Amino acid sequence: LDAVNFAADYDKSVSRERVNLLNWSEEFDKSDWVQTSVTVAPDVLLAPDGTLTADSTDKTIDNSAELRQVISEQQTGAEYIFSVWLKKWNSDIVRIVIYNNNGNVFIAANNCDLSSGEWERFSVSGTTNATSTSIKVIIHSYSDTTDAYTWGAQLELGSVATDYQRVGHGEGEN
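Quick caveat, the model's predicted, so the values are computed rather than measured.

**Here's the deal with the overall build of the chain**
So, step 1. A count of helices and strands for the chain gives zero helices and 10 strands.
So, step 2. Of all 174 residues assigned to the chain, the portion counted as buried reaches 47%.
So, step 3. The long-range fraction of contacts in the chain, counting pairs at least 24 apart against all pairs at least 6 apart in sequence, stands at 75%.
So, step 4. Accessible surface, the chain as shown: approximately 7800 Å² in total, 46% of it carbon and sulfur.

**Things to note about the pairing of strand β10 (residues 147-157)**
So, step 1. Counting buried residues along β10, 10 of its 11 residues qualify, which places the element largely inside the surrounding structure.
So, step 2. Strand direction decides the pairing type here: strand β3 (residues 54-59) and β10, joined by four bridges, are antiparallel. Pairing of D58 across the sheet is with D147, part of β10.
So, step 3. Examined bridge by bridge, strand β5 (residues 79-88) and β10 share eight bridges and lie antiparallel to one another. Across the sheet, I81 pairs through a bridge with E156, a residue of β10.

**Considering the sheet that holds β3**
So, step 1. Taken in spatial order, the five strands line up as β2-β3-β10-β5-β8 in an open sheet, and their pairing is antiparallel. Of all strands in the sheet, those with a lone pairing partner are β2 (38-45) and β8 (120-127), marking the two edges. Taken over all neighbouring pairs, the strand axes of this sheet differ in orientation by 35 degrees on average, direction set aside.

**Some thoughts on the nonpolar core**
So, step 1. Formed by 28 residues in total, the largest nonpolar core has its most connected members in W33, F82, I96 and I139.
So, step 2. Broken down by secondary-structure element, the contributors of at least two residues to this core are β2, β4 (66-71), β5, β6 (93-100), β7 (105-113), β8, β9 (135-140) and β10.
So, step 3. By residue number, the principal contributor to this core is β5, which donates four residues.
So, step 4. Setting aside residues no more than four positions away along its own chain, I139 makes contact with F28, W33, A65, E66, L67, F82, V84, V94, R95, I96 and T150.
So, step 5. Residues A47, Y149, W151 and Y164 belong to the second largest nonpolar core, which totals seven residues.

**Side note on the confidence of the model for the chain**
So, step 1. Mean pLDDT over the chain: 83, with 82% of residues reaching 70 or higher.
So, step 2. Of all helices and strands in the chain, the one with the weakest mean pLDDT is β7 (87), whereas β8 scores best (95).
So, step 3. In this model, residues 1-15 is a region of pLDDT below 50 whose contacts with residues beyond four sequence positions or in other chains number 29 contacts.

**Here we look at the pattern of salt bridges**
So, step 1. Applying the stated criterion to the full structure yields four salt bridges.
So, step 2. Between E156 and R18 there is a salt bridge, and its shortest N-O distance comes to 3.2 Å. With E156 in strand β10 and R18 in the segment before β1 (34-36), this pair connects stretches of sequence that are 138 residues apart.
So, step 3. Since its relative accessible area comes to 0%, E156 is described here as buried.
So, step 4. By relative accessible area, R18 is classed as buried at 18%.
So, step 5. Between D49 and R166 there is a salt bridge, with its nearest N and O atoms 3.8 Å apart. Taken as a pair, D49 in the loop between β2 and β3 and R166 in the segment after β10 lie far apart in primary sequence, 117 residues in all.
So, step 6. Take R166: its relative accessible area is 24%, and that puts it in the partly exposed class.

**Details of the sheet that holds β9**
So, step 1. Taken together, five strands build an open sheet; the order of strands is β1-β4-β9-β6-β7 and the sheet is antiparallel. This sheet does not close on itself; its edge strands, each paired only once, are β1 and β7. Adjacent strand axes in the sheet meet at a mean angle of 20 degrees, parallel and antiparallel pairs treated alike.
So, step 2. In the sheet, β6 pairs with β7 via eight bridges, with the strands oriented antiparallel. Bridge pairing in β7 places I93 opposite D113.

Conventions used here
- Residues numbered from 1 in each chain as written.
- Predicted model: local features only at pLDDT ≥ 70, side-chain atom pairs only at ≥ 80, totals over all residues.
- Heavy atoms only, no water.
- Helix = DSSP H or I, 4+ residues; strand = E, 2+ residues; numbered from the N terminus.
- Buried < 20%, exposed > 50% of the residue type's maximum accessible area, 1.4 Å probe, protein only.
- Contact = heavy atoms within 4.5 Å.
- Areas by Shrake-Rupley, 256 points an atom, 1.4 Å probe, with all protein chains shown as cover.
- Pairing = 2+ DSSP bridges.
- Axes fitted to C-alpha atoms, helices over the stretch in contact; angles between N-to-C directions.
- Core = buried A, V, L, I, M, F, W, Y, C linked by side-chain atoms within 4.5 Å.
- pLDDT = per-residue confidence, 0-100.
- Salt bridge = Lys/Arg side-chain N within 4 Å of Asp/Glu carboxyl O.

Structure follows, in structure tokens:
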């Protein structure tokens, strides 16, 4: 945990007026996070901020295992960035994805290499199309063993991730 410089992964020049649009940014067992072929165990590991709030995600069945959240109010033709902290449990690769939810149109993906075994903040950004009415973010299986520790998901307008903003967990829950 000492090797993680929690504040160093952010561009401080980006305006703090941007907000995390996700619900329950640290609690992937909540109903806002739809679980498909995955089991979430809450609060099993120290997170990058030193709190016992990181969840384990354990793929239960097949390569379609995923955690996803849909945000119904979003801007058309706008750039969004989705970021999440991930750490290796049994898997080396996890994919994070942004979709235009109506029509399930792919926007962007990042295959996240967890082989370092350390907490890392991964991100993916892309622009919604002119007809999009909602956006979906996904933490997706990529191999036969996609088990990872997950913490600190954030979706916001823009192309550079700002400081992590906790949503839920007793703080201004939405």
